[in-house]
Amino acid sequence: MTPSATDGPVPKGRSRRNFAGARPVMADVARMAGVSKQTVSRVLNDHPAVRPETREAVLEAMRTLGYRPSRSARSLASGRTRMLGVISFDAARYGPASILTAINTAAQEAGYLVSSIALDTADHDTVVEAVNRLSAEGADGVIAIAPQLWVGRALAEATDLGTPLVVLENALDDGTALVTGDSRTGARKATEYLLGLGHATVWHLAGPAGWTSADHRLTSWQATLRAAGAAVPAPLVGDWSAGSGYDLGRRLARRPDVTAVFASNDQMALGLLHALHEAGRSVPGEVSVVGYDDVPEAAHFLPPLTTVRTDFAEIGTRSLRLLLDRIDGPGGRPGVDTLVPVDLVVRASSGPPPVR
């Protein structure tokens, strides 16, 4: 008679599968540990009701048998797929790419797989289709990096079926969990810093209209100037690219009254530095420049860029934790707003205004 997977001791250093030729199953673990299959399932899912000595007995049986629970077994035991969906837009930019990396790392540590959909367009139907696809794949929850306001409206409609949702950068309604960098505070810090150096006012290279972070930085910049009694110049609107920063910078370089500029991201600040250098305007001798994001290259611009640092890794990690909270207790933490703090990093691109 062929021995079963639990007959006799397992030779040292060999799994039960290698010894008996059959892969051990949950029933084998339960039999060896002297517990029920339900208890084994609870140990697999880290249930708090299991006594420590029982948990250790089950884990020891798993080690002895060489038992490796399949993802499908975990899903059946917990009623979950342990798969999360992520929808991203403009994923090639530094911020979204860094956030995606952090989400994947945190999900792996929590025992989840991530299915990502990177969209080139952010129209309503495309967003709805992406959410439906992730739901069809059985995603336990969805994280959406939704930088534009109209994306938020599409997400709100697509997730009415009750899929736990966490949104980055874009508040949808009172029931949506939001994680974002504190753009308003960052813009205020940058503007106050330049005013504090003695500049009469601060010009602004704004991000594209309709992007939540760009809008928040723009309105905070304006409010900070007004609070200080400073003139509020008309903002120059770019598209986040270094090319747009260069084009707008050429216009600013022709104005001798421009002594300080706050750019809504580091790429536009880089284009601005190029335009100022080309026009013979020294930085920071004649014009001070402050960017936003603190991309890895910012410290190596010429001159090194003063900028507002956003911790994108923290945004990704917090969004993953918040989504898991909502999966564990659906509806338990509605409308959670998480603002990730920002810091002003002072480098050589900023200084006092020139002496007239």
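Please read these numbers as outputs of a predicted model, since none were measured by experiment.

1. Section: helix H13 (residues 312–328)
Within an α-helix, residues lying three or four positions from one another point in the same direction, as the helix has 3.6 residues per turn.
Then step 1. The terminal C-alpha atoms of H13, which comprises 17 residues, lie 25 Å apart, in line with the 24 Å expected from a rise of 1.5 Å per residue.
Then step 2. Listed in full, the buried residues belonging to H13 are Phe312, Ile315, Gly316, Thr317, Ser319, Leu320, Leu322, Leu323, Leu324, Arg326 and Ile327.

2. A short note on the nonpolar core
Then step 1. Counting 21 residues, the largest nonpolar core has Leu84, Ile99, Ile143, Val166, Leu168, Ile315 and Leu320 as the members making the most contacts within it.
Then step 2. Elements that contribute at least two residues to this core include exactly strand E1 (83–89), helix H6 (94–109), strand E3 (141–145), strand E4 (165–168) and H13.
Then step 3. Per element, the largest residue contribution to this core is seven residues, and it comes from H13.
Then step 4. Among residues more than four places away in sequence, those in contact with Ile99 are Ile145, Leu168, Phe312, Ile315 and Gly316.
Then step 5. Formed by 20 residues, the second largest nonpolar core is a distinct cluster that contains Ala253, Leu273, Leu276 and Val283.

3. Let's talk about the side chain of His199
Then step 1. Within the secondary structure layout, His199 lies in the loop between helix H9 (183–196) and strand E6 (203–206).
Then step 2. Taking the relative accessible area as the measure of exposure, His199 reaches 4% and is therefore buried.
Then step 3. Within polar-contact distance, the side chain of His199 engages the backbone oxygen of Gly351 at 2.8 Å.
Then step 4. Leave out the neighbours within four places in its chain, and His199 touches Leu194, Thr259, Ala260, Ser288, Gly351, Pro352 and Pro353.

4. Digging into the packing of aromatic side chains
Then step 1. Under the defined criterion, the tally for this structure stands at three aromatic pairs.
Then step 2. Look at Trp211 and Trp240: their rings are 5.9 Å apart centre to centre, the planes differ by 75 degrees, and that puts the pair in the edge-to-face class. Placement of Trp211 in the loop between E6 and helix H10 (212–227) and of Trp240 in the loop between strand E7 (236–237) and helix H11 (242–253) is noted, with a sequence separation of 29 residues between them. Per residue, the accessibility class of Trp211 equals that of Trp240, and both read buried.
Then step 3. Against the face of Trp240 rests Arg93, its NZ or CZ located 5.3 Å from the ring centre.
Then step 4. A cation over an aromatic ring shows up here: Arg217 above the ring of Tyr292, its NZ or CZ 3.7 Å from the ring centre.

5. A few points about the pattern of salt bridges
Then step 1. All told, the structure shown has ten salt bridges when counted by the stated rule.
Then step 2. Across the pair Glu53 and Arg51 runs a salt bridge whose closest N-O atoms are separated by 3.1 Å.
Then step 3. For Glu60, the salt bridge is made with Arg63, and the minimal N-O distance between the two is 2.9 Å. Remark: Arg63 and Glu60 occur in helix H4 (residues 52–65); sequence separation between them is three residues, near one turn of the helix.
Then step 4. We classify Glu60 as partly exposed; its relative accessible area is 38%.

6. Digging into the environment of Val342
Then step 1. Tracing the backbone through its elements, the reader meets Val342 in strand E12 (residues 342–345).
Then step 2. Of the residues examined, Val342 reaches a relative accessible area of 3% and is grouped as buried.
Then step 3. For the pair formed by Val342 and Val308, sequence separation is 34 residues and the distance between their alpha carbons is 6.6 Å.
Then step 4. In this structure, Val342 is in contact with Asp182, Thr185, Gly186, Lys189, Tyr292, Val308, Arg309 and Thr310, ignoring residues within four places of it in sequence.

7. Details of the packing of helix H2 (residues 26–33) against H4
Then step 1. Where H2 meets H4, the closest approach of the two axes is 9 Å, and the angle between their N-to-C directions is 120 degrees. Here H4 runs oblique to H2, going by the angle between their axes. Judged by the twist between their axes, the crossing of H2 over H4 is right-handed. Seen from H2, the contacting residues are Asp28, Val29, Met32 and Ala33; seen from H4, they are Ala57, Val58, Ala61, Met62, Thr64 and Leu65.

8. With respect to the sheet that holds E7
Then step 1. The strand order E7-E6-E8-E9-E10-E12 describes an open sheet built from six strands, whose pairing is mixed. Lying at the two open borders of the sheet, with one neighbouring strand each, are E7 and E12.
Then step 2. Two elements, strand E9 (residues 288–293) and strand E10 (residues 306–310), share four bridges in a ladder whose sense is parallel. Its bridge partner being in E10, Gly291 is matched across the sheet by Thr307.
Then step 3. The strands that helix H12 (residues 266–278) touches are E6, strand E8 (260–263), E9 and E10; relative to E9, the one it contacts most, it runs at about 155 degrees.

The rules behind each value
Residues numbered from 1 in each chain as written. Predicted model: local features only at pLDDT ≥ 70, side-chain atom pairs only at ≥ 80, totals over all residues. Heavy atoms only, no water. Helix = DSSP H or I, 4+ residues; strand = E, 2+ residues; numbered from the N terminus. Expected span 1.5 Å × (residues − 1). Buried < 20%, exposed > 50% of the residue type's maximum accessible area, 1.4 Å probe, protein only. Core = buried A, V, L, I, M, F, W, Y, C linked by side-chain atoms within 4.5 Å. Contact = heavy atoms within 4.5 Å. Polar contact = N/O pair within 3.5 Å; in protein donor to acceptor, adjacent residues only side chain to side chain. Phe/Tyr/Trp six-rings, centres within 6.5 Å; stacked < 30°, edge-to-face > 60°. Lys NZ or Arg CZ within 6 Å of the ring centre and 35° of its normal. Salt bridge = Lys/Arg side-chain N within 4 Å of Asp/Glu carboxyl O. Axes fitted to C-alpha atoms, helices over the stretch in contact; angles between N-to-C directions. Parallel < 35°, antiparallel > 145°, perpendicular 65-115°, else oblique. Left-handed = near helix turned anticlockwise from the far one by under 90°. Pairing = 2+ DSSP bridges.

Keep in mind these numbers describe shape, not what the thing actually does.
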